[in-house]
Amino acid sequence: MQRKLRLRNREDFSRIYRNGKSFANSQFVVYWSRQLQADPLRLGVSASKKIGNAVVRNRMRRLVKEIVRGQKDRITGQLDLIVIVRKPAVGLELKELEKSMLHVLKRAGLLKTTR
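Q: Got a minute to help me understand the pairing of strand β4 (residues 79–85) in this structure?
A: If a strand is regular, its side chains alternate between the two faces of the sheet. When you tally the buried positions in β4, you get six out of seven residues, the bulk of the element. In this structure, strand β2 (residues 28–34) lies alongside β4, joined through seven bridges in antiparallel fashion. Paired with W32 across the bridge in β4 is L81. Relative to β4, strand β3 (residues 41–47) runs parallel, the two sharing seven bridges. Of the residues in β4, the one forming a bridge with A47 is V85. Between β3 and its parallel partner β4, the chain crosses via helix α2 (residues 54–70), and the hand of that crossover is left-handed.

And the structure:
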């Protein structure tokens, strides 16, 4: 993800948690809200200390960012997206993580339909 397309401010996170919608599966929780700016997609990733040490948390953040970057064309609209990583995601391979992420985004109605 490009640096300007990352969510970092506490106000942005609070706004999305308060006013956004959420969907979850056993590996991820996704909060999302429509944006006011013209950016295509802004992403924030949250990984709690519960999932492991700093090495594990940073690895999970990098993997989630890579999955979203690869699927950016399939995600609809101008969104602010927060992904919270849950502990069961730590032991999964990249393909399984990607499948799980696509599942939760599909449940949220954020993927474009392919025809």
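Still more to cover.
Q: Explain the nonpolar core to me, please; I cannot follow it from the model alone.
A: Looking at soluble globular proteins, one finds that nonpolar side chains tend to be buried together. With 27 residues, the main nonpolar core has F28, L81 and V85 as its most contacted residues. Breaking this core down by element, the ones donating at least two residues are β2, β3, α2, β4 and α3 (94–108). The contacts of V85, once residues within four sequence positions are left out, are Q27, F28, V45, S46, A47, I51, M60 and V64.

Thresholds, definitions, all that
- Residues numbered from 1 in each chain as written.
- Predicted model: local features only at pLDDT ≥ 70, side-chain atom pairs only at ≥ 80, totals over all residues.
- Heavy atoms only, no water.
- Buried < 20%, exposed > 50% of the residue type's maximum accessible area, 1.4 Å probe, protein only.
- Helix = DSSP H or I, 4+ residues; strand = E, 2+ residues; numbered from the N terminus.
- Pairing = 2+ DSSP bridges.
- Right-handed = clockwise from strand over helix to strand, strands pointing away.
- Core = buried A, V, L, I, M, F, W, Y, C linked by side-chain atoms within 4.5 Å.
- Contact = heavy atoms within 4.5 Å.

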